[in-house]
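# Breakdown of the fold
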Amino acid sequence: MKLKNFQKRSLETLQNFFEKTRLMGDAERAFHSVTRDASGRLPLYRKVPGLGEIPYVCLRIPTGGGKTIVGAHAIKTVGRSLIEKDYPVVLWLVPTNMIRTQTADALKNTSHPYRKALDDAFDGKVAVFDISDIDNIRPQDIKDKVCVVVGTIQTLRVEKTEGRNAYAHKEALESHFAALKPAVLEGMEKDENGKVKYSFANLMHLHEPMIIVDEAHNARTSLTFDVLARLSPACIVELTATPDTSIKLGSNVLYRVSASELKAEEMIKLPISLTEHKTSWQDAVTDSRLQQKKLLDLAKQEHDFVRPILLVQAENKDKTATVEAVKAYLMEAEGLDADQIAIATGEQRELDGVDLFDPACKIEVIITVQALKEGWDCSFAYVFCSTANISSAKDVEQLLGRVLRMPYAKRRKVPELNKAYAHVSSPNFGEAARHLQDRLISMGFEEEEAKQFIEPQTPELDLVVPPLVLAVQKAPDLSALTAQEKAAVEVKTDQKTGEVTVEITGAVTEAMEFALVSVAPEEKKEETKKKIAEHRATQPKFVPSPSQKGEPFVIPRLCVRIQGELELAEKELILDVAGWNLNDYPPELPEFRFNDTSNTFEFDVDGNRVTYEFKGDQQLDLTGVTTDWSVSELTRWLDKELKQPDVQQAVMLGWIGKALAYLIDRQKFNLATLGRAKFILVRALAEKIAAARKKSYAKGYQETLFSPQAAVETSFDYAFSFQPSNYPANWFYKGGCKFPKHYYPVPGELEGKGEEFECAQALEWTPEIRFWVRNLDSRPHASFWLPTSTDRFYPDFVALLEDGRLLVAEYKGGLTAQTKDTEEKRTIGELWESKSGGKGLFIIVEKKDQLGRVMIEQLKAKIAK
């Protein structure tokens, strides 16, 4: 399973944090260094009671984002960057025994993506244990394999019957403790006779495991922290869609993934097309089935086999829409056969052993009452129908999650198959949409995303707009109306007077108006039309954004002509032009030194001298890591860790060999010390390679783009296109100022105040601008960028002018307007403009420029040129 970009960014951030923790020796400082925002604000870092300085961080990934695969990859990341063991010990905690079994089975299955991730990272040297199998863990497993133990918090709580096993003395574990020195046994739990217990808890205390807490929001209590503290973890990594935000026990969110990023990576179906039914549950089921039949027909156009499934939530036995009633209705009214329906409840488990992805499977409808069994997943589920009240949060949230996953994690050719569909029974219009938004937020969606991704198919209700009430002669004929239109009309007859009134909630369509005017008294037809017009004027107006209208937004990129061929000016090309070769850079490490007195190493990171504390012999003895290395063995190990896509293995092996020879012959290191310090050494060598590549790239950058012979063009042949359905912002603007000219419905990663916000306002208020976009930083597949001598430059804003030209704007305020970085951005931006043939403009916008002009005046002056 190839990692998605947001999963890679999550793991890169995790690695950055743990590397900084290792260097700084302070998790709080490392956390602030990684999470500090552009304004310099420092998020709160909560130290966990009883865990002291143990790094404890959270990755926030919405439902459907692949938290478990991220967890599997995180094991190597943490093992290398913090724990510094070839084979770390891992305790993987999940919320329930059902998920525990499923997770353990997946990690044991060598054909499952989770296990493949571990096998690839550790050369197949993997041992997975359910916590009930802890007696089977051998010292050799811990020495020669990464050991993953899957359990729940309950299996570790001593007050629970199932938890006592973890703290019990076990003769089967004696071999783990037999040869340990007395000093190592300090701090371990002892029996009533003062002897160290051979327990699982003491085994964890001995090896200081990495602890992964899946769905961590279910486990954040002081009691949980007490349990974790007894295990002496090296670190704790939470994986959850909904982190706790409380001040005292809240999560330290290191990285947030938005639902928009999942959508952009084709992992989930969005938006959710919502239809509300306030007449009867039968109408909801009928419309759901009609929707599904349409999708089944459309699915025939897909290359991959897809069978859209309808998921119906029935009511409890004391209600009307029971499982039996829904099944009977589907068979009698909708013509489904019994083998096309599966019931999945606590009593009836008709999905057990069924492969819903099998083309021969006949199941089209699944009926359940509460949540389907934990861990159940089928991306073929497309339509969700709730006959119950959608405000029952937990079950709706879980069932809704079932229809969001995208088949094969790949965008479908048929647009309708990229959406999810929800049909709900609700006594009041607008209520279901509000509850659905709440459920999405609790699944990890940002508030603005939840609003964007619900697409009501019934007329929207503005709570301050009362329904339209009309007196008519008789009940109107509604047969020509759609189901959504019918659902908005309620006919009432006074039993005493016989008077008939019609109540309409939301907007009145032309078909509805025709039906209503037809039954109005002759003398009141014009008055009825007038009331309808007045009602329409009070309805909220939906103004689609340019992206929702399908407006194209294409911007040419900077290219270079090499030997007659036009190429995009990106890093790989520039390095190739520079003749990048690692052998051109000597692998000498004079700055790499070991201080015997302080037991520390010194070397350079990003040009700064850092001190790296050596973990020492005790840890090495405990993990069984050998110190009897040969040069060739250490060279091969370093080669595997330093693997680079732009360096051939033969070159890397030779370069590493020279580096070791230098350290041994010139720096007088002995091979045993280098073997013990291999994780520190690999970090130093990685920094050396990065510095060499940086020098080569800077040289190639000047030659490729600014030398007299450089053939630079701004070309639409390599244009970047802002895709209407792809805007993977990590978070969204929440301010009061509206931006109707923004290309997407809501700007991403824009604060509701500050100078960049003021620049966005200036763009919005510039009449010559047709529409604009907040260009997202570090999103190479979703944002416009230009090359710099060190990396990529993502301008703050891109705009399309009314005359068809394009404007690229970067905001720089205060002291940053005159920095070397700003000048480099100005230089590359002006090069892009000069090569655009008059089609592009570039500007650095300041709070107030040297001529005293405010932002909007600077923009207008640039456009007027």
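Residues numbered from 1 in each chain as written. Predicted model: local features only at pLDDT ≥ 70, side-chain atom pairs only at ≥ 80, totals over all residues. Heavy atoms only, no water.

### Looking at the overall build of the protein
Quick note on the threshold: By the criteria applied, helices consist of DSSP H or I runs no shorter than four residues and strands consist of E runs no shorter than two, each listed in order from the N terminus. Partly exposed describes any residue whose relative accessible area lies between the buried limit of under 20% and the exposed limit of over 50%, with all areas from a 1.4 Å probe on protein chains only and scaled to the type maximum. Any two residues whose heavy atoms approach within 4.5 Å at even a single point are treated as in contact. What sets the accessible areas is the Shrake-Rupley method with a 1.4 Å probe; for residues, cover comes only from the shown protein chains.
Per the secondary structure count, the protein includes 28 helices and 29 strands. Taken across its 865 residues, the protein has 54% of its residues classed as buried. Within the protein, contacts between residues separated by at least 24 positions form 71% of all contacts whose residues are at least 6 apart in sequence. Surface exposure of the protein reaches about 38700 Å², of which carbon and sulfur atoms provide 49%.

### Thoughts on the environment of Leu 470
Along the polypeptide, Leu 470 turns up in strand E15 (residues 468-472). Overall, the relative accessible area of 3% leaves Leu 470 in the buried class. Considered as a pair, Leu 470 and Val 502 are 32 residues apart in the sequence and their alpha carbons are 5.2 Å apart. The contacts of Leu 470, once residues within four sequence positions are left out, are Val 500, Thr 501, Val 502, Ile 504, Leu 516, Thr 528, Lys 531 and Ile 532.

### Some points on the environment of Lys 738
If you trace the backbone, Lys 738 turns up in the loop between strand E23 (712-721) and helix H26 (755-765). Taking the C-alpha atoms as reference points, Lys 738 and Gln 761, separated by 23 residues in sequence, lie 9.1 Å from one another.

### Section: the sheet that holds E23
Cut-off, in case you're wondering: Being paired, for any two strands, means DSSP has found at least two bridges between them. To define axes, lines are fitted to C-alpha atoms, for helices over the stretch in contact only, and angles between the resulting N-to-C directions are given on a 0 to 180 degree scale.
Across the sheet, which stays open at both edges, the 3 strands sit in the order E19-E18-E23 with antiparallel pairing between neighbours. In the strand order of this sheet, the two ends are held by strand E19 (565-568) and E23, each with one partner. When the angles between neighbouring strand axes are averaged without regard to direction, this sheet yields 50 degrees. When strand E18 (residues 554-562) meets E23, the two strands line up antiparallel, connected through 6 bridges. Looking across to E23, one finds that Ile 555 is bridged to Phe 720. Relative to the sheet, helix H27 (residues 820-834) contacts E18 and E23, its axis offset from that of E18 by approximately 90 degrees.

### Some points on the pairing of strand E13 (residues 420-425)
Within E13, 6 of the 6 residues are buried, which leaves the element mostly enclosed by the surrounding structure. The alternating pattern of E13 places Ala 420, Ala 422 and Val 424 and Tyr 421, His 423 and Ser 425 on opposite faces, both of which are buried. Where strand E8 (residues 272-277) lies against E13, 6 bridges are found, and the strand directions are parallel. Looking across to E13, one finds that Glu 276 is bridged to Val 424.

### With respect to the pattern of salt bridges
Filter applied, for reference: Salt bridges are counted wherever a side-chain nitrogen of Lys or Arg sits within 4 Å of a carboxyl oxygen of Asp or Glu.
By the definition in use, this model includes 44 salt bridges. Asp 297 is paired through a salt bridge with Lys 300; the nearest N and O atoms lie 3.8 Å apart. Given the relative accessible area of 68%, Lys 300 is considered exposed. Two residues, Lys 812 and Asp 821, come together in a salt bridge whose shortest N-O distance is 3.9 Å. Overall, Lys 812 belongs to the buried group, its relative accessible area being 12%. Each of the salt bridges in this network shares a partner with another, and the network as a whole consists of Arg 9, Glu 261, Glu 749 and Arg 779.

### Focus on the packing of helix H1 (residues 5-24) against helix H2 (residues 27-35)
Formally: By definition in this entry, angles of less than 35 degrees are roughly parallel, angles greater than 145 are roughly antiparallel, angles of 65 to 115 are roughly perpendicular, and the rest are oblique. In this scheme the crossing of two helices becomes right-handed for a clockwise turn of the near helix relative to the far one and left-handed for an anticlockwise turn of less than a right angle. Think of it as three bins: nonpolar holds Ala, Val, Leu, Ile, Met, Phe, Trp, Tyr, Cys and Pro, charged holds Asp, Glu, Lys and Arg, and polar takes everything else, Gly as well.
Packing of H1 against H2 leaves a shortest axis separation of 8 Å and a crossing angle of 140 degrees. For the element pair H1 / H2, the angle class is oblique. Taken as a pair, H1 and H2 cross one another with a handedness that is right-handed. Along its contact with H1, which presents Thr 13, Asn 16, Phe 17, Lys 20, Thr 21 and Met 24, the element H2 presents Ala 27, Arg 29, Ala 30, Phe 31, Ser 33 and Val 34. Counted by class, the contact of H1 with H2 contains 6 nonpolar, 4 polar and 2 charged residues.

### Quick look at the packing of aromatic side chains
Definition in use: Ring pairs are drawn from Phe, Tyr and Trp, using the six-membered ring of Trp, whenever the two centres fall within 6.5 Å, and their geometry is named by plane angle: stacked under 30 degrees, edge-to-face over 60, tilted for the rest. We count a charge as sitting over a ring when the NZ of a lysine or the CZ of an arginine lies within 6 Å of the ring centre and within 35 degrees of the ring normal.
Taken as a whole, this structure holds 29 aromatic pairs when the rule is applied. Three or more aromatic residues link up through ring pairs in this structure, and these residues are Phe 553, Phe 720, Phe 722, Tyr 727, Phe 732, Tyr 743, Tyr 744 and Phe 771. Positioned over the ring face of Trp 785 is Arg 792, at 4.1 Å from the centre of the ring.

### Some words on the nonpolar core
The line we're drawing: What is meant by a nonpolar core is a set of buried Ala, Val, Leu, Ile, Met, Phe, Trp, Tyr and Cys residues, joined one to another through side-chain atoms within 4.5 Å.
Membership of the largest hydrophobic core comes to 142 residues, with the highest contact counts inside it found for Ile 75, Val 148, Leu 156 and Phe 200. Ranked by residue count, the leading element in this core is helix H3 (residues 67-83), at 8 residues.

### Some remarks on the pairing of E19
Side chains Leu 566 and Leu 568 project from E19 onto a buried face, and the interleaved Glu 565 and Glu 567 project onto a face without burial. Pairing analysis gives 4 bridges linking E18 to E19, with the strands arranged antiparallel. Residue pairing in the sheet places Ile 562 in a bridge with Glu 565 of E19. With antiparallel pairing between neighbouring strands as the criterion, E18 and E19 make up a hairpin whose turn holds 2 residues, including Gln 563 at a positive phi of roughly 50 degrees.

### A word on the environment of Gly 124
Looking at where Gly 124 falls in the secondary structure, it is placed in the loop between helix H5 (113-121) and strand E3 (126-130). Residue Gly 124 is classed as partly exposed on the basis of its relative accessible area, which comes to 38%.

### Describing the packing of helix H25 (residues 678-706) against H27
Running from N to C, H25 and H27 point in directions that differ by 30 degrees, and their axes come no closer than 12 Å. One element, H25, and the other, H27, form an angle in the roughly parallel class. Judged by the sense of rotation from one axis to the other, the crossing of H25 with H27 is left-handed. Each of Tyr 701, Leu 705 and Phe 706 in H25 lies in contact with H27, whose residues at this interface are Glu 824, Thr 827, Ile 828 and Leu 831. The class makeup of the residues in the contact of H25 with H27 is 5 nonpolar, 1 polar and 1 charged.

### Let's talk about the side chain of Asn 418
Tracing the backbone shows Asn 418 in the loop between helix H14 (393-402) and E13. Relative accessible area serves as the criterion here: at 4%, Asn 418 is assigned to the buried category. The residues touching Asn 418, leaving out its near neighbours within four places in the chain, are Lys 269, Leu 270, Met 406, Arg 411 and Arg 412.

### Looking at the sheet that holds E3
Taken together, the 7 strands give an open sheet; going across it, the order is E3-E4-E2-E5-E6-E1-E7, and neighbouring strands pair in parallel fashion. Here the strands that pair on one side only, and so sit at the sheet edges, are E3 and strand E7 (253-256). Each strand axis lies, on average, 20 degrees off the axis of its neighbour in the sheet, ignoring direction. Pairing analysis gives 3 bridges linking strand E1 (residues 56-60) to E7, with the strands arranged parallel. Considered in E7, the bridge of Leu 59 is made with Tyr 255. Lying over the sheet, H1 contacts E1, strand E6 (235-240) and E7, oriented at roughly 155 degrees with respect to E7.

### Concerning helix H23 (residues 649-665)
Helical periodicity: at 3.6 residues per turn, an α-helix aligns residues three or four positions apart in one direction. Inclusion rule: To estimate the expected span of a helix, count its residues, drop one, and scale the result by 1.5 Å. An arc is given here, and it is the one of the directions from the helix axis to the C-beta atoms.
In a regular helix each residue adds 1.5 Å, so 17 residues correspond to 24 Å; H23 covers 24 Å between its end C-alpha atoms and thus fits that length. Taken as a whole, H23 has its buried residues at Val 651, Met 652, Trp 655, Ile 656, Ala 659, Leu 660, Tyr 662 and Leu 663. Looking straight down H23, one finds that the buried residues subtend no more than 165 degrees of arc, so they occupy a single side. Buried-residue contacts for H23 involve helix H22 (631-641), helix H24 (671-676) and H25.

### As for unusual backbone geometry
With omega at 0 degrees, the peptide bond leading from Leu 270 into Pro 271 counts as cis. Along the chain, Pro 271 falls in the loop between helix H11 (259-264) and E8. Notably, Ser 232 is not glycine yet its phi reads approximately 50 degrees, a positive angle. By the secondary structure assignment, Ser 232 is in the loop between helix H10 (222-229) and E6. Residue Tyr 408 is not a glycine yet carries a positive backbone phi of 60 degrees. Counting through the fold element by element, Tyr 408 comes out in the loop between H14 and E13. The class of Tyr 408 is partly exposed, set by a relative accessible area of 44%.

### A word on the confidence of the model for the protein
We apply this condition: A residue's pLDDT is simply how confident the predictor is in it, with values from 0 to 100.
Taken residue by residue, the protein gives an average pLDDT of 86. The fraction at 70 or more is 89%. Throughout residues 458-464 the model reports pLDDT below 50, and contacts reaching past four residues in sequence, or to other chains, amount to 17 contacts. The low-confidence segment residues 616-626, where pLDDT is below 50, has 18 contacts with residues more than four positions distant or belonging to other chains.

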